[in-house]
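Here are the chains, one letter per residue:
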Amino acid sequence: MKKLVAVSTLALLLAGCNPGDQGAEDATKTEDTTKEKTDDTVAKEDKKTDAEVAKEKEAAEAKKEADAKAAADKKAAEDKAAADKKAADDKAAADKKAADDKAAEDKTTEDKTTDDKKDDGKTTSSQDPEPKTPSEPESETPDVDKSDTKADLGLGLLVVVNKKYSLPIDYKPSDLVVPDISFSYSGVLEQSYMRAPAAKQMEKMFAAAKADGVTLNAVSGFRSGQRQTVLYNNYVARDGKAAADQYSARPGHSEHQTGLVFDISAPSVGNGLTAELGNTKEGKWIANNAAKYGFIVRYDKGFQARTGYTYEPWHIRYVGVGPATQIKNNGQTLEEYMKVGH
Ligand SMILES: [Zn+2]
């Protein structure tokens, strides 16, 4: 029996199965190991964190740099877009300005042409019995045939304005309107206007022409005394008074200031104010039909000695249907019809 116990104890010892201290020691060891492992992990983790932080920092810096570059690129792209847009805008503006300048130049040319042609009443032809002197008296001198005499506005639609009769510089009709007809230019200018009764008849006449397959374009209507003054003075400054008087009406002497006149032309002659218009289908239509609407070709062919103006098939003057028909049928000038001088 004692032997058995001893064997048992030995066996136990051999087996190392001491459920006492040994077990506690083992447990502690295990715990330590775990702790050590944990510390190790923590350390490892700490290490990783440092590396990651460094990495992340690097990545962040790289990202920052990339972002900065992207931002810079974006800004550059935006700047370029803005620059491109500005360049495009500038070009558009420049183009527009060039177009405007050209339009202004064209208009100036047109005005000049209009002046040249329309108000060439200062041209003294060989048929004109009254030689003009460079210094025409500015004051009213009753005994001088070509003196500057006040036009009689009381005559209404039959007012006569010519080399002899002038309007006050500040005279401007109160019933100016823009007729609803086609013009040789776009936009509305001072010269687009005409007195209402005449404008209404212009609309009828243009519609009738169109119905007959005739295309007309309005070029120049009302012109203020102020504008005529500016134009005339510019011509005098450029060419001298004597020369200016050959192609431009003096202020107050342009019939366009009455608001009863329109220079009209046709695409067939480039909307020009040219005697050539008289030979075209359109010019002939005007000569044959204008009176039906109350207009006369004010400076007709062969009228120069009686009006002081050369042939202007484009310059039509409103006088009303009755007077226009009579004037046309009698082959008269407005001065002859009104029994006044020119
Ligand atoms: Zn005219």
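Just above sits the structure.
Only a predicted model underlies this, so the values are computations on that prediction, with no experimental measurement involved. (Residues numbered from 1 in each chain as written. Predicted model: local features only at pLDDT ≥ 70, side-chain atom pairs only at ≥ 80, totals over all residues. Heavy atoms only, no water.)

Can you explain the coordination of the zinc ion? Please cite residues and give values.
Protein coordination at the zinc ion: the donors are H256 (NE2), D263 (OD), D263 (OD) and H315 (ND1), at 2.1 to 2.8 Å from the metal. Geometry at the zinc ion is irregular, judged from the 4 donor atoms that bind it and their angles of 51 to 158° at the metal. For the zinc ion, all donor residues lie on one chain, and their spacing in sequence is H-x6-D-x51-H. Of this pair, H256 sits in the loop between α5 (241-247) and β6 (261-265) while H315 sits in strand β8 (residues 312-318), and the two are 59 residues apart along the sequence. In this structure H256 comes out as buried when scored by relative accessible area, which is 0%. (Donors = N, O, S within 2.8 Å, 3.2 Å for Na, K, Ca; no water. Tetrahedral: all angles 85-135°; square planar, octahedral: opposite > 155°, others 65-115°. Helix = DSSP H or I, 4+ residues; strand = E, 2+ residues; numbered from the N terminus. Buried < 20%, exposed > 50% of the residue type's maximum accessible area, 1.4 Å probe, protein only.)

Before we move on, could you go through helix α6 (residues 281-289) and cite the residues and values that matter?
Where α6 is concerned, the buried positions are E282, G283, W285, I286 and N289. Each buried residue of α6 sits inside an arc of 160° when the element is viewed along its axis, so together they form one side. More than 90 degrees from the buried face of α6, the exposed residues found are K281 and N288. Buried residues in α6 make contact with α3 (196-211), β6, β7 (295-299) and β8. (Arc of directions from axis to C-beta. Contact = heavy atoms within 4.5 Å.)

Could you give an account of the pairing of β6, with specific residues and numbers?
Taken across its 5 residues, β6 has 5 buried, putting it largely inside the fold. Neither face of β6 is exposed, since V261, D263 and S265 on one face and F262 and I264 on the opposite face are all buried. By the bridge criterion, 3 bridges tie strand β5 (residues 217-220) to β6 in an arrangement that is antiparallel. If you follow S220 over to β6, its bridge partner there is D263. (Pairing = 2+ DSSP bridges.)

So what's going on with the sheet that holds β7? Which residues, and what values?
Working definition: the strands of a sheet are paired by backbone hydrogen bonds and lie parallel or antiparallel to each other. Strand order in the open sheet formed by 4 strands is β5-β6-β8-β7, and the pairing between neighbours is antiparallel. Edge strands, defined here as strands with exactly one partner in the open sheet, are β5 and β7. Averaged over all pairs of adjacent strands, the angle between their axes in this sheet comes to 45°, without regard to strand direction. Bridging between β7 and β8 involves 4 bridges; their strand directions are antiparallel. Paired with V297 across the strands is I316, a residue of β8. (Axes fitted to C-alpha atoms, helices over the stretch in contact; angles between N-to-C directions.)

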